[in-house]
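A closer look at the structure
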Amino acid sequence: MARLWSLDVEAGPIYAQIVRGVERMLASGQMKPGDKLPSARELAASLKVNPNTVIHAYSQLEMARVTETRRGLGTFVREDVNVEGIRLRILQEAALRFWSEVQSLGLGLEDAQKALRSLAPNGAKEAP
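This section reports on the structure supplied with the text. The structure displayed is predicted, hence computed values, not measured ones.

Moving on: the overall build of the chain. Secondary structure summary: the chain contains five helices and two strands in total. Listed by position from the N terminus, the elements making up the chain come as α-α-α-β-β-α-α. The C-alpha radius of gyration computed for the chain amounts to 18 Å, which surpasses the reference 14 Å derived for 128 residues by more than 25%, pointing to a less compact arrangement than a globule. Dimensions of the chain along its principal axes, counting C-alpha atoms only, are 55 × 30 × 25 Å. Counting all 128 residues of the chain, 27% fall into the buried class. Residue pairs at least 24 apart in sequence account for 51% of intrachain contacts in the chain once pairs closer than 6 positions are excluded. A total of about 9,000 Å² of accessible surface is found on the chain, and carbon and sulfur atoms cover 55% of it.

Right, dumping it as structure tokens:
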């Protein structure tokens, strides 16, 4: 399965972008528990970054219990990774950024809901 790895020079440290990329791929289903990540050398070459940067990102993912390194085999997404927890955290972070913007404009919940509804395809509504 082809995965999109991309970096944005203005989006913070590269290692953190790699971590977020893996988490987003998990949250979206592009990556699944048990999947093998590219080797640090392969990913570094494709992103044109220092391999130590990728190693640092993989270390962060391992400390967060998202991945595990299997000696001689590579880095894999843990089978017991909490994908729902990652998905919820990503959504909560996005919601916090959105809510901060709503408040900075002097608007309230009703305005925020209206803005979100306007983005829903064909005015689709979900049950609470």
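The subject of this paragraph is the pattern of salt bridges. Scanning all chains against the criterion turns up five salt bridges. Measuring nitrogen to oxygen at the nearest pair gives 2.8 Å for the salt bridge that ties Arg89 to Glu23. With Arg89 in helix 4 (residues 83–104) and Glu23 in helix 1 (residues 14–28), this residue pair connects regions lying 66 residues apart in the sequence. In this structure, Glu84 and Arg87 form a salt bridge, with 2.3 Å as the shortest nitrogen-oxygen distance. Here the residue Glu84 and the residue Arg87 both occupy positions in helix 4, the gap between them amounting to three residues, near one helical turn. The network of salt bridges with common partners includes Glu23, Arg89 and Glu93.

Let us look at unusual backbone geometry. Its identity as a non-glycine residue notwithstanding, Lys48 has a phi of 60°, on the positive side. Residue placement: Lys48 occurs in the loop between helix 2 (40–47) and helix 3 (51–63). A relative accessible area of 73% places Lys48 in the exposed class. Not every positive phi belongs to a glycine, and Arg65 is a case in point at roughly 65°. For Arg65, the position within the fold is in the loop between helix 3 and strand 1 (67–70).

Per the counting criterion, the structure on display carries zero aromatic pairs. Directly above the ring of Phe76 sits Lys36, whose terminal nitrogen or CZ lies 6.0 Å from the centroid. Here the basic side chain of Arg70 rests over the ring of Phe76, its NZ or CZ set 4.0 Å away from the ring centre.

Here is what the cut-offs are and how they apply
- Residues numbered from 1 in each chain as written.
- Predicted model: local features only at pLDDT ≥ 70, side-chain atom pairs only at ≥ 80, totals over all residues.
- Heavy atoms only, no water.
- Helix = DSSP H or I, 4+ residues; strand = E, 2+ residues; numbered from the N terminus.
- Rg over C-alpha atoms; globule rule 2.2 N^0.38 Å.
- Buried < 20%, exposed > 50% of the residue type's maximum accessible area, 1.4 Å probe, protein only.
- Contact = heavy atoms within 4.5 Å.
- Areas by Shrake-Rupley, 256 points an atom, 1.4 Å probe, with all protein chains shown as cover.
- Salt bridge = Lys/Arg side-chain N within 4 Å of Asp/Glu carboxyl O.
- Phe/Tyr/Trp six-rings, centres within 6.5 Å; stacked < 30°, edge-to-face > 60°.
- Lys NZ or Arg CZ within 6 Å of the ring centre and 35° of its normal.

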